[in-house]
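# Secondary and tertiary structure notes
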Amino acid sequence: MGMKKSIAVIAILFISLFSMQSCLNTSPYLIGTGISDVTGPPAEVMFAGYCDFSQLGSGIFMRQWARAFIIREKNTTNSVVLVTADIPLMSGGVYVDVLKRLKEKYGLLYNEKNVIISATHTHSGPGGYFKTYALNIFAGMTFHDGNFKKISDGIFNAIVMAHERLSPGRVTVNSGEFSWKASERVNRQRSEPAYVLNRDINDYLLPDGQADNTNRTITQFKFIKEDGTVIGMYNWSPVHPNVSGSHLTLINGDVSGLASYLIEKEHGVNYLDNTGFVAAFAYSDAADTSSNLPEDALLPQFAAKTKTLKLDANGDVLDWIADGTYDYERMNLRAKTVADLARKIFNDNGTELSGSIETRQMFAAAQSLPIKAQYMDPRDIYYSDILKETVENCRLCNGSAGAGFFAGSMEDGDSGQVKAGEGNPRSVTDYSVSSFRDLISDPVPSIADILFQVITPDAKQKKEIDCQLEKRITMSFDELGVLVPGGKIWNMNQPFTIVKIGSFAILTLPCEVTTMSGRRLKADMKKALPGVTTVVINSTSNDDLRYLATREEYASQQYEGGATLMGPYSLNGVRQIVHELAATFTPGIEPPSYAVDLATVEAGLEKVSILQVAGKVLFDDKPLNKKFGDVITQPSSIYSKGTTVSAVFWGAHPNNNLTVGSSESYLVVEKKNGGTWKPVVYDWDPTTRYRWTRDGIANSKITIEWLIPSDTVAGEYRIRHIGHWKSGWTGRISRYEGVTSGFAVN
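Residues numbered from 1 in each chain as written. Predicted model: local features only at pLDDT ≥ 70, side-chain atom pairs only at ≥ 80, totals over all residues. Heavy atoms only, no water.

### Points about the sheet that holds strand E24 (residues 595-596)
Either a parallel or an antiparallel arrangement is found when strands of a sheet pair, and the pairing is made through backbone hydrogen bonds. We count it as follows: Note: two strands are recorded as paired if DSSP finds a minimum of 2 bridges between them. Here a strand is any run of E in DSSP of at least two residues, a helix any run of H or I of at least four, and the numbering for each starts at the N terminus. The contact definition used throughout considers only heavy atoms, calling two residues in contact when any of these lie within 4.5 Å. The axes used here are C-alpha line fits, helices contributing only the stretch in contact, and every angle between their N-to-C directions lies in the interval 0 to 180 degrees.
On the basis of which strands lie adjacent, the open sheet formed by five strands has the order E22-E20-E19-E16-E24 and mixed pairing. The open sheet terminates on both sides in strands that have one partner only, identified here as strand E22 (534-538) and E24. Taken together, the nine bridges between strand E16 (residues 357-365) and strand E19 (residues 493-501) define a ladder with antiparallel strand orientation. What sits directly across from Ala-365, in E19, is Asn-493. Across the sheet, helix H13 (residues 515-528) touches E19, strand E20 (504-508) and E22, and the angle it forms with E22 is around 135°.

### Quick word on unusual backbone geometry
Rules: Each residue gets one of three labels from its accessible area relative to the maximum for its type: buried under 20%, exposed over 50%, partly exposed in between, using a 1.4 Å probe on protein chains only.
If you check the backbone angles, Asp-254 has positive phi at about 55° while not being a glycine. Structurally, Asp-254 can be placed in helix H6 (residues 254-266). Given the relative accessible area of 0%, Asp-254 is considered buried. In this model, Leu-469 sits at a positive phi of 50°, which is unusual for a non-glycine residue. Assignment of secondary structure puts Leu-469 in the loop between helix H11 (458-468) and strand E18 (473-476). On the basis of relative accessibility, which here comes to 1%, the residue Leu-469 falls in the buried class.

### A few points about the packing of aromatic side chains
The condition is simple: Between rings of Phe, Tyr and Trp, where Trp is taken as its six-membered ring, a pair exists when centres lie within 6.5 Å; planes separated by under 30 degrees are stacked, by over 60 edge-to-face, and by other angles tilted. Criterion for a charge above a ring: Lys NZ or Arg CZ within 6 Å of the ring centre, and within 35 degrees of the ring normal.
For the structure on display, the rule yields 34 aromatic pairs. With centroids separated by 5.1 Å and ring planes inclined at 40°, the aromatic side chains of Phe-69 and Phe-223 adopt a geometry described as tilted. With Phe-69 in strand E4 (residues 65-73) and Phe-223 in strand E9 (residues 217-225), this residue pair connects regions lying 154 residues apart in the sequence. For the ring pair Trp-706 and Phe-743, a centre distance of 6.5 Å and an interplane angle of 55° mean the geometry is tilted. Taken together, the positions of Trp-706 in strand E31 (residues 699-707) and Phe-743 in strand E34 (residues 743-745) put the pair 37 residues apart, joining distant regions of the chain. Overall, Trp-706 belongs to the buried group, its relative accessible area being 2%. Here the aromatic cluster, defined as three or more aromatic residues joined through ring pairs, consists of Phe-53, Phe-138, Phe-405, Phe-406, Tyr-547 and Tyr-559. Of note, Lys-307 hangs over the ring of Trp-320, and the distance from its end group to the ring centre comes to 5.7 Å.

### Concerning the nonpolar core
Selection rule: In plain words, nonpolar cores are sets of buried Ala, Val, Leu, Ile, Met, Phe, Trp, Tyr and Cys residues tied together by side-chain atoms within 4.5 Å.
Counting residues in each nonpolar core, the largest one holds 101 residues, and the members touching the most others are Tyr-110, Ile-155, Ile-159, Trp-490, Ile-498, Leu-509 and Leu-521. Among the elements that take part in this core, helix H4 (residues 145-164) stands out by supplying eight residues, more than any other. One finds Tyr-29, Phe-69, Leu-341 and Tyr-682 within the second-largest nonpolar core, a separate group that totals 59 residues.

### Some thoughts on the packing of helix H2 (residues 92-106) against H4
To keep things clear, this is the line we draw: Orientation labels follow simple angle bins: below 35 degrees gives roughly parallel, above 145 gives roughly antiparallel, 65 to 115 gives roughly perpendicular, and whatever is left gives oblique. Helix crossings get a hand from a simple test, with the near helix turned counterclockwise from the far one by less than a right angle marking a left-handed crossing and a clockwise turn marking a right-handed one.
With their axes 9 Å apart at the nearest point, H2 and H4 run at an angle of 40° to one another. Classified by the interaxial angle, the pair formed by H2 and H4 is oblique. As for how H2 packs across H4, the hand of that crossing is right-handed. Residues Gly-93, Val-94, Asp-97, Val-98, Arg-101, Leu-102, Lys-105 and Tyr-106 of H2 form the contact with H4, whose own contacting residues are Phe-148, Ile-151, Ser-152, Asp-153, Ile-155, Phe-156, Ile-159, Val-160 and His-163.

### Concerning the side chain of Glu-553
Applied cut-off: In summary, the charge assignment counts Lys and Arg as positive and Asp and Glu as negative, without counting His or the chain termini. The term salt bridge refers to a side-chain nitrogen of Lys or Arg lying within 4 Å of a carboxyl oxygen of Asp or Glu. Polar contacts, as used here, are pairs of N or O atoms within 3.5 Å; protein pairs need one atom able to donate a hydrogen and one able to accept it. Residues neighboring in sequence count only if both atoms are side-chain atoms.
On the secondary structure map, Glu-553 appears in helix H14 (residues 551-556). Of the side chains bearing the opposite charge, Arg-520 lies closest to the buried Glu-553, which forms no salt bridge; the N-O distance is 6.8 Å. A polar contact is formed between the side chain of Glu-553 and the side chain of Asn-198, at a distance of 2.9 Å. Residues in contact with Glu-553, not counting those within four places in the same chain, are Ala-194, Tyr-195, Asn-198, Asp-288, Thr-514, Met-516 and Ser-517.

### What about the pairing of strand E29 (residues 676-682)?
Two elements, strand E28 (residues 667-673) and E29, share six bridges in a ladder whose sense is antiparallel. Among the inter-strand pairings, Val-669 is bridged to a residue of E29, identified as Val-681. In this structure, the hairpin formed by E28 and E29 is closed by a connection of two residues, where Gly-674 is found at a positive phi of approximately 65°.

### Side note on the confidence of the model for the protein chain
Detail in the predicted coordinates should be disregarded across regions flagged by low pLDDT. Condition: Each residue carries a pLDDT score, the predictor's confidence in it, ranging from 0 to 100.
Confidence along the protein chain averages 92 in pLDDT terms, with 95% of residues attaining 70 or more. Contacts for the low-pLDDT stretch residues 7-24, under 50 throughout, to residues beyond four places or in other chains number one contact.

### Focus: the sheet that holds strand E3 (residues 56-60)
Pairing within the open sheet is antiparallel, and its six strands lie in the order E2-E3-E30-E31-E27-E25. Each edge of the open sheet carries a strand with a single partner, namely strand E2 (43-46) and strand E25 (631-633). Averaged over all pairs of adjacent strands, the angle between their axes in this sheet comes to 35°, without regard to strand direction. Of the strand pairs in this sheet, strand E30 (residues 688-695) and E31 are connected by eight bridges, and their pairing is antiparallel. Residue pairing across strands places Arg-694 opposite Ser-700, the latter belonging to E31.

### With respect to the packing of H6 against helix H7 (residues 327-347)
Short version of the rule: Ten residue types, Ala, Val, Leu, Ile, Met, Phe, Trp, Tyr, Cys and Pro, are classed as nonpolar, four, Asp, Glu, Lys and Arg, as charged, and the remainder, Gly among them, as polar.
At their nearest, the axes of H6 and H7 sit 8 Å apart, and the two run at 55° to each other. When the interaxial angle is binned, H6 and H7 end up oblique. The interaxial crossing formed by H6 with H7 has right-handed handedness. Facing Asp-254, Val-255, Leu-258, Ala-259, Leu-262, Ile-263 and Glu-266 of H6, the residues of H7 in contact are Met-331, Asn-332, Arg-334, Ala-335, Lys-336, Val-338, Ala-339, Ala-342 and Arg-343. A class-by-class count of the residues in the contact of H6 with H7 yields 10 nonpolar, one polar and five charged.

### Considering H13
Applied cut-off: One fewer than the residue count of a helix, multiplied by 1.5 Å, yields its expected span.
The end-to-end C-alpha distance of H13 is 20 Å, a good match for the 20 Å that 14 residues give at a rise of 1.5 Å each. Taking burial as the measure, the 14 residues of H13 include 10 buried ones, the bulk of the element. Along H13, the residues that are buried comprise Thr-515, Met-516, Ser-517, Gly-518, Arg-519, Arg-520, Leu-521, Lys-522, Asp-524 and Met-525.

### Some points on the state of the cysteines
Basically, it comes down to this: We call a pair of cysteine sulfur atoms a disulfide when they lie within 2.5 Å.
For the structure shown, the criterion picks out one disulfide. Note that Cys-397 is cross-linked by a disulfide to Cys-467, the S-S spacing being 2.1 Å. Taking the sign of the S-S torsion, about -95° here, the bridge from Cys-397 to Cys-467 comes out left-handed. With a gap of 70 residues between them, Cys-397 in the loop between E16 and strand E17 (400-402) and Cys-467 in helix H11 connect regions that are remote in the sequence. Classification of Cys-467 as buried rests on a relative accessible area of 10%. Cys-394 takes part in no disulfide bond, and the closest cysteine sulfur to it belongs to Cys-467, at a distance of 8.8 Å. Among the residues examined, Cys-394 registers a relative accessible area of 6% and is labelled buried.

Put into structure tokens, the structure is as follows:
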């Protein structure tokens with residue numbers, strides 16, 4: 001072979017290899033991320049996580065954020081939109097409102113079939129943003145329009161940002177497992193008496209032979225632009241964010257929100273202009289787990305304060321609830337564990353996501369839904385003799401919450417309203433009304449029981465009691481319907497979505513899913529969708545239907561069973577819905593007859609909410625000869641790293657900011673550089689606390705704290721407070737600010 005011919009062959013080979021490499025590097029998708037503030041009213045609005053009417057907001061520990069991710073096929077409009085919001089529960093009203101706005105802007109590009117909005121389920125966020133009055137009462141006390149708008153605006157804006165930043169890229173998938181060892185774990189099974197009743201617990205065992213009773217897997221999407229820039233991660237996390245307890249009243253994102261912050265700060269996110277890396281942690285199937293770990297009580301850093309502990313006969317710690325003593329510190333421990341595993345997965349090589357994006361969605365009319373026999377297991381029938389149950393005559397119920405729900409999770413908090421606590425199922429032959437003795441000893445469930453049996457028509461009452469079986473009904477939708485005729489109690493046309501991308505599937509559910517319910521549903525999905533090897537569950541998405549427990553767990557009537565609204569066969573009903581939705585991936589198969597359209601869902605929501613009282617600001621005032629923003633208590637002159645700076649201002653009600661649509665930080669820590677002051681810390685940084693208290697009738701005192709990190713640069717600092725005050729004469733809302741004297745950090 002001559003020299004020229006050899007060179008030509010080499011050139012052809014090089015071009016071929018280059019072409020092959022280009023094909024390999026071709027990005028199959030367009031990807032984009034976005035982030036936007038959804039922080040609600042900081043003061044005097046009930047938090048939605050614990051159903052504790054005394055837990056009214058009084059400031060901010062960390063802000064709440066909406067985080068959006070879009071994946072679209074390059075040459076089609078096939079897309080999926082994944083959004084997490086640092087809110088306690090998802091609102092069907094918010095979901096419908098966001099969909100309307102997306103359709104107005106983008107037509108049918110983003111719609112109910114491909115938009116998934118999930119609540120991270122923080123337990124420290126203000127409620128009252130629902131379009132059904134039952135949720136507004138029990139998760140907010142009343143409706144708060146400012147909170148609704150803030151959440152809807154933030155989610156919409158995050159999606160718009162993600163859309164506008166779409167560029168060629170790829171997505172890799174990876175997963176990892178948290179440790180099951182007590183000294184290293186991130187969660188535990190909180191309802192052991194219910195879990196052990198599951199007939200398939202021996203299918204899931206730890207290496208030491210004990211029951212593997214929690215989901216410990218985190219699954220991650222990593223978003224990489226065509227030029228190699230990594231722009232975000234979306235994690236399905238098995239962590240129940242319930243460490244910030246009912247004794248605390250500062251807004252924060254709990255474990256998942258803090259984990260997002262830790263990772264985003266590492267990657268240089270800019271929360272001022274909503275640019276940079278976005279890290280989301282969606283709540284997967286972990287409803288019966290707790291991140292309040294008893295072994296925390298043995299750590300030396302938690303020795304100083306008296307804790308609320310439950311001990312066994314040997315004095316060993318069984319439970320340490322979120323009692324307010326070290327909640328933020330324990331949250332930080334859990335968030336670091338979550339962030340560490342997410343970071344490890346992120347840095348490992350994952351499997352590239354490939355395949356077309358296919359979505360199937362329906363709204364299922366859940367009330368009294370008949371369950372087909374093939375979705376019933378004969379072992380789920382407990383009362384064939386007494387109640388003539390068969391696999392042929394089971395259905396979902398009309399909807400009721402039980403005493404176990406109002407008792408609260410006793411492993412996590414002490415805000416429950418039922419003294420008897422969890423785990424008190426009724427005998428299915430007991431139709432008696434609570435006695436006077438019951439009324440004295442345990443008033444909340446007794447009053448609820450009497451009210452239910454007095455005002456609910458006998459036929460409906462008996463039907464719902466029989467349907468709910470072991471549940472002691474404390475709140476029935478039939479009962480609420482009598483109390484508020486024509487009111488929108490709870491939207492029972494619930495959303496279900498399946499997203500399939502190659503061998504990866506996302507099952508989106510409106511409820512909190514227990515560990516075993518999740519395992520059974522994921523196994524079902526793999527059977528129903530040939531070729532699918534990985535299934536993840538997006539819980540608390542697109543609406544709220546509370547909990548999803550197995551039949552066996554339900555019988556125990558722990559918190560999860562009491563909160564499984566649709567009765568003992570809820571999981572059977574959801575399995576039917578999921579199977580029949582999965583079947584529609586096959587061409588020619590239509591959704592089942594109980595599927596309804598978006599207009600029907602919207603008709604089940606309030607257009608004008610019945611109650612709108614919480615968090616309203618009539619006017620702001622201040623002492624004579626004082627201005628809004630004046631400093632009451634100046635910081636000391638010198639501080640060491642690791643200590644806390646504190647300052648107190650005359651301010652105004654923080655909810656005014658929502659009224660005028662301001663997302664401005666309520667506080668700024670500034671550092672002096674030469675002759676200018678540079679902002680260095682804001683109210684979204686977990687080193688700060690913004691606290692509001694009412695002084696007299698309409699005066700407000702604002703306390704700002706800054707825990708000085710160990711890596712803070714020495715120098716001169718000061719604290720600025722920004723707010724808005726409302727005139728009692730004109731109703732006008734005006735901006736104000738105040739600033740402290742400088743102080744040294746050495």
